[in-house]
Structure formats: C-alpha cells, structure tokens
Amino acid sequence: MAGSRSAASELVSAAEPRRTGTVDHEGRTLAVTLACASRLALEADLGAERVADGTEFAHLEVALDGGPVRLGRCRFLAAPGSRGARGRLVFLDALHDCHAIVHDGRVADLHGAFRNLPLVLQQRERIRPEFERWVAGLVYDLSVWRRVLDDQDRLLEEEPLEVAAAAMDALLAAEGPGFLSFLDGKDRELDALVRGFGREEHERHGFYLRRMAWPFILSSEIHRRTNMKPRGYAGDAEMMRLLYEARAEGRGAFGRLLHSHAVQKPGAEAVRARRALVAAELHALDAALGRPAPFRFLSVACGPAFELRDTYRTRDDARRLEATLLDQDPQALEAARAAVEKVEAAHGPIRAVTLAESVRTMLRDRGLRDRLGRFHLVYSMGLFDYLTPPVAKAVLARLVDLLEPGGAVLVGNFHASQPSKVYMDYWMDWPLYYRTEESLLALAEGLPAHASLGFDPTRCQMFLRLERGR
Ligand SMILES: C[S@@+](CC[C@H](N)C(=O)[O-])C[C@H]1O[C@@H](n2cnc3c(N)ncnc32)[C@H](O)[C@@H]1O
C-alpha cells in the first residue's frame, strides 16, 4: 500500500534544506514543510495536522526563489508511526526533480527531454546521405560479427569455468585480430568521411552514429561508461582504470574486442605514457634540487593516481616524498588511496594526503598557499583538456604560485592533431579541449616562470612545463 516503503531512518535531518508550501484538503488549506526525500519525492511535514495514507492532493503550492509555484496532483505516503503527520509526496502527473525544488528553489521537469524529442528526431534530416549510408553498412557488418561471436559465447556457456576461460582466450587470439583490423579500417573510413566538418556538424553526426550503434556501445565496458557517464563526466576514475589496465574487459567476446580496440588506440596509449613521464620528471627535479627532505608534490585532479606506482621506487622515496592528491570526486580519491596502499605495501609507509576539492574553489581561496604549503612539483594530467582558456589560465597561475623556488609545474593537454580525436568524439562521446603548441603556451603568458613544451612518445599529448627561478 502507498507509504509502506517509508521508514523513519530515511527521513531527512533538521539540518537539511527545507521549503514551505500548502496543500488543499477537505476545503481547508494546510501548511506543509518540505525537504528532499529523494530525486522524485518530497518529505512532507504537516505539523499538527493529520492526513490519511494515500490521500491525493489536487496540487502542491511551494514557495520557491522566484515566488510561489503550483505543482500538479500528488499523493501523500504516510511515514510509519507518524499517524499521518509526516510522509512523502509523490507527483502523479509529472516527474519533478525534488532536489532542484528544495536545494535550488526551481522547478526542473524530468520530462523535459520528451519536449525536445521532435527537435532531436529532426536532426536525422540533417545527416549527410553518404554518412547515413556508411553508418548503415557499419551497423550491418557489426551485427554480423556480433552474431558469429555471440554464437561462440553460447558454446562456452556450457563449459566448466576454467575451460570456458581458456576457450575465450583462444577465441580472442584466433579471431580477435580479424575483428580488430576490421574496426581499424572503419576508423580510417570515418576519419576521412568527417574531415572538414565544422563543430556542429561533428556533434550532429557523432550523435547519429552513437544512436545507431547504441547496442554495440552498450556491449563494451569502456564505451558504455564514457557514454553513460555515471559520475556525470567522462574521465572518471573507473574509466581511467580501464585505460591504464588496458585488459580485454567485459563479458562476451564481441564486447571485449570492442573494448580492447578502444583501449589500444593512440589516445589511450598516451594516457598510459603519463605514468612514466610524471615519475621521470619528478625524479629529475628531485635530483636537480639536491634531494630535499621532504620533496613535496601535488597532483591536481589526481584521479586514481596510478602514476604513484612508478613514482615511488625505493624506501628512500617512501621516506622523503610527500604527496598531496587533490580531486573533486570522492570516488576518485578512494581510488587514489588504494594506489597509496599499493605503494605502502611495496615500500613502507608514505606521507600522502587526499583533498576533496575543486580547482574552482582553489581559484577563490586567497589563503591557498598558507593552507596547502609550497611544492617542489605540481602536476595536473587530464584536467586542462576540460578547461576553457580563461579558467585554464587562472588555474595555472594559482599552481605556479604554489611552487618552491626552483620548483616546476607540469600540465598535460591533448594535442589538436591527436589521431584518436574523431574516435573519442564519435564513439565514446568524450570531447576534450584540444590545444596546439601556441594555445597551450599562451596559457603561461605573463607568469613568473620559464615555459617549455614536450610531447609523450605517442605525440598525442603535450606537456607544458613551467619552472620557477631559484
Ligand atoms: C581524466 S581524469 C585524470 C586523472 C589523473 N590525473 C590521471 O591522469 O590519470 C580527470 C580527473 O579530474 C577530476 N576533475 C575534473 N574537474 C575537476 C575540478 N574542477 N577540480 C578538481 N578535479 C577535477 C575528475 O574528478 C577526474 O578524477
């Protein structure tokens, strides 16, 4: 019955943000205090009033930042033990974002996407015919490959686990290269087909490809995650793990091969190259500065901090290096702590702190240097590719400001000509702020540090190095 899933322990605490509102009930207007119970339900407190579980109200009027707003029909689900004084309100005619109502004071209709449907459907009319034909051929070919590979999966299902695992390895080794070379060929065709497109055209055609290839995208671990973005952005710690470990992850042979194809692309290779590069930079600087104790370094947007395994090489490193790992995403920091534990298991205890913080907060903090201290090396990999020039410039200035004399900032950014760009945009829905040598160097203009540029071995990624005088 309505209200049966409510529980006192799920009710929001007094410290939670609240809104006031009214409902009409049996000819009277009742005041109600509202909090966010979940994305789709409001917590309602009727004070001294009592209402039966399951009661339907014709509307809820809620006081929002722009004034009172009348929302449609809702049902009251009484909280157990509250005798109808408290409970949840669920909407009956629309899906409202209750977090936005309470926390942001605005109405956000979760059905909004449906209103855009006609516009989105019309996009298909603006797809170039040759692209449409190419995608149709691609989808057909992929379906055939998938059918054959799925048949093999079904054979394996009947085998004991160890036999199935060995047979899967044999299948991937025997048939994988053929499928991967088919995919390589399709990538080359796609690159040629979209060369010269403008930004909007790329977006429209990429969207079309992803809609048509959606079942294939969902079959691969990395494609599914970059497209679904469960943490709200592409490049989360789990995606980085998939890239760093570069295994044939997933369940079926088809999905594993599609995943393998993506994590072997030059852009993914470039991500893995960062590990050794950062470690080498750190040790060169450490030696140049006479091995200070401690040698303090800061990783900005640290993600899973895989490079720590390359950075800490000896017990002396464990004793002298002091790591500060900053990221806005608590899950990324959890992964970074796991990396610290791996280092400690190999070399003994290290000094490492994690900071849950956005670089945007850093920009506002005038006492940043007092709070964080100074560092010999500050590096940021996989962050500037997401920042607009004004934000990137401002962040860079703050990072330089954190340097010890003789210290350095190292910032990675994918190059505008990196060969996996179309693949990342079209298949993975992973757009980046690509930069040229000039536009990356321009971020450092006017900063009190000597700027130079380097590349990783794949030449997909550039590194801006800023060295502060001693
Ligand atoms: C592509 S990953 C790179 C992770 C790591 N540096 C690496 O190279 O493996 C990007 C990371 O940036 C973090 N990030 C994105 N925007 C941020 C911001 N404004 N402040 C702090 N971290 C941010 C994300 O949470 C994510 O962990």
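Residues numbered from 1 in each chain as written. Predicted model: local features only at pLDDT ≥ 70, side-chain atom pairs only at ≥ 80, totals over all residues. Heavy atoms only, no water.

Draft legend 1. Region of interest: the domain arrangement of the protein chain. For the protein chain, the assigned domains read domain 1 (8-115), domain 2 (122-264) and domain 3 (272-467). On a C-alpha basis, the centroid separation for the pair domain 2 and domain 3 is 31 Å. Tallying the contact residues gives 38 residues for domain 2 and 21 residues for domain 3. At the boundary of domain 2 and domain 3, one finds three salt bridges. Two residues, Asp429 and Arg210, come together in a salt bridge whose shortest N-O distance is 3.6 Å. If you list the elements that add at least two residues to the side of domain 2 that touches domain 3, you get helix 4 (129-157), helix 5 (161-194), helix 6 (199-212), helix 8 (221-228), helix 9 (237-245) and helix 10 (253-263). Among the elements that take part in the side of domain 2 that touches domain 3, helix 9 stands out by supplying seven residues, more than any other. For the side of domain 2 that touches domain 3, a count of residues per class yields 21 nonpolar, nine polar and eight charged. (Domains from an automatic or database assignment. Contact = heavy atoms within 4.5 Å. Salt bridge = Lys/Arg side-chain N within 4 Å of Asp/Glu carboxyl O. Helix = DSSP H or I, 4+ residues; strand = E, 2+ residues; numbered from the N terminus. Nonpolar A, V, L, I, M, F, W, Y, C, P; charged D, E, K, R; others polar.)

Draft legend 2. Quick peek at the site of the ligand. The immediate surroundings of the ligand are formed by 19 residues, with Tyr233, Tyr244, Ala301, Asp327 and Met381 found nearest. Between the ligand and the protein, one listed contact pairs an oxygen atom with a side-chain N or O atom of Tyr244 at 2.6 Å. Note that a nitrogen atom of the ligand is positioned 2.7 Å from one of the backbone N or O atoms of Met381. If the ligand stood free it would expose 600 Å²; the protein chains cover 94% of that surface. Taken together, the residues of the shell around the ligand sort by class into ten nonpolar, five polar and four charged. The residues that make up the shell around the ligand include at least three from each of domain 2 (122-264) and domain 3 (272-467). (Near = heavy atom within 4 Å. Polar contact = N/O pair within 3.5 Å; in protein donor to acceptor, adjacent residues only side chain to side chain. Areas by Shrake-Rupley, 256 points an atom, 1.4 Å probe, with all protein chains shown as cover.)

Draft legend 3. Representation of the confidence of the model for the protein chain. Residue-level pLDDT values for the protein chain average 93, and 97% of them are 70 or greater. Within the model, the stretch residues 1-15 combines pLDDT values under 50 with 24 contacts to residues more than four positions away or in other chains. (pLDDT = per-residue confidence, 0-100.)

Draft legend 4. Spotlight on a nonpolar patch on the surface. A contiguous nonpolar patch, built from Leu40, Leu95 and Leu110 and spanning about 210 Å² of accessible area, is present on the exposed surface. Relative to the elements of secondary structure, Leu110 occurs in the loop between helix 1 (98-104) and helix 2 (112-115). (Patch = residues over 30% accessible without salt bridge, like charges linked within 9 Å, V, L, I, M, F, W, Y side chains within 5 Å.)

Draft legend 5. Seen up close, the environment of His259. Counting through the fold element by element, His259 comes out in helix 10. For the pair His259 and His103, spaced 156 residues apart in sequence, the C-alpha to C-alpha distance is 39 Å. Setting aside chain neighbours within four positions, we find His259 in contact with Ser220, Glu221, Ile222, Leu242, Arg247, Ala248 and Glu249.

Draft legend 6. Molecular detail of the environment of Phe197. Tracing the sequence through the fold places Phe197 in the loop between helix 5 and helix 6. Those residues in contact with Phe197 that lie beyond four places of it in its chain are Arg128, His202, His205 and Tyr426.

Draft legend 7. Unusual backbone geometry, seen in detail. A cis amide bond links Ala293 with the next residue in sequence, Pro294, at an omega value of 0 degrees. Residue position: Pro294 is located in the loop between helix 11 (266-288) and strand 9 (295-300). Phi angles above zero are rare outside glycine, and Glu26 is one such case at about 50 degrees. Relative to the assigned elements, Glu26 resides in the loop between strand 1 (19-25) and strand 2 (28-38). Judged by relative accessible area, Glu26 falls into the exposed class, the value being 72%. (Buried < 20%, exposed > 50% of the residue type's maximum accessible area, 1.4 Å probe, protein only.)

Draft legend 8. Broad picture of the nonpolar core. The biggest cluster of nonpolar side chains holds 52 residues, and the ones touching the most others in it are Phe131, Leu142, Leu190, Leu209 and Trp427. Where this core is concerned, the elements lending two or more residues are helix 4, helix 5, helix 6, helix 7 (214-219), helix 9, helix 10, helix 11 and helix 18 (421-426). With nine residues, helix 5 is the largest single contributor of residues to this core. Counting the residues that make up this core, at least three belong to each of domain 2 (122-264) and domain 3 (272-467). Excluding its chain neighbours within four sequence positions, the residues that come into contact with Leu190 are Phe131, Trp134, Leu209, Val422, Tyr426 and Trp427. Grouped together as the second largest cluster of nonpolar side chains are 30 residues, Val300, Met362, Leu368 and Leu383 included. (Core = buried A, V, L, I, M, F, W, Y, C linked by side-chain atoms within 4.5 Å.)

Draft legend 9. Geometry of helix 11. Taking 1.5 Å of rise per residue, the 23 residues of helix 11 would be expected to cover 33 Å, and the 32 Å separating its terminal C-alpha atoms lies within 8% of that figure. At Ala273, helix 11 is deflected by roughly 25 degrees, the largest bend along its length. Note on helix 11: the residue one or two positions beyond its end, Gly290, has a positive phi of about 80 degrees. (Expected span 1.5 Å × (residues − 1). Bend = angle between axes of the 7 residues up to and from the residue.)

Draft legend 10. Layout of the environment of Leu218. Within the element layout of this structure, Leu218 appears in helix 7. Separated by 37 residues in the primary sequence, Leu218 and Gly255 place their C-alpha atoms 8.2 Å from one another. Excluding anything up to four places from it in sequence, Leu218 contacts Arg224 and Met228.

Draft legend 11. Spotlight on the side chain of Asp97. With respect to the helices, strands and loops of the structure, Asp97 is situated in the loop between strand 8 (86-91) and helix 1. Polar contacts involving the side chain of Asp97 include one to the side chain of Arg39, which spans 3.1 Å. Residue contacts for Asp97: discarding those within four places in its chain leaves Arg39, Ala108 and Leu110.

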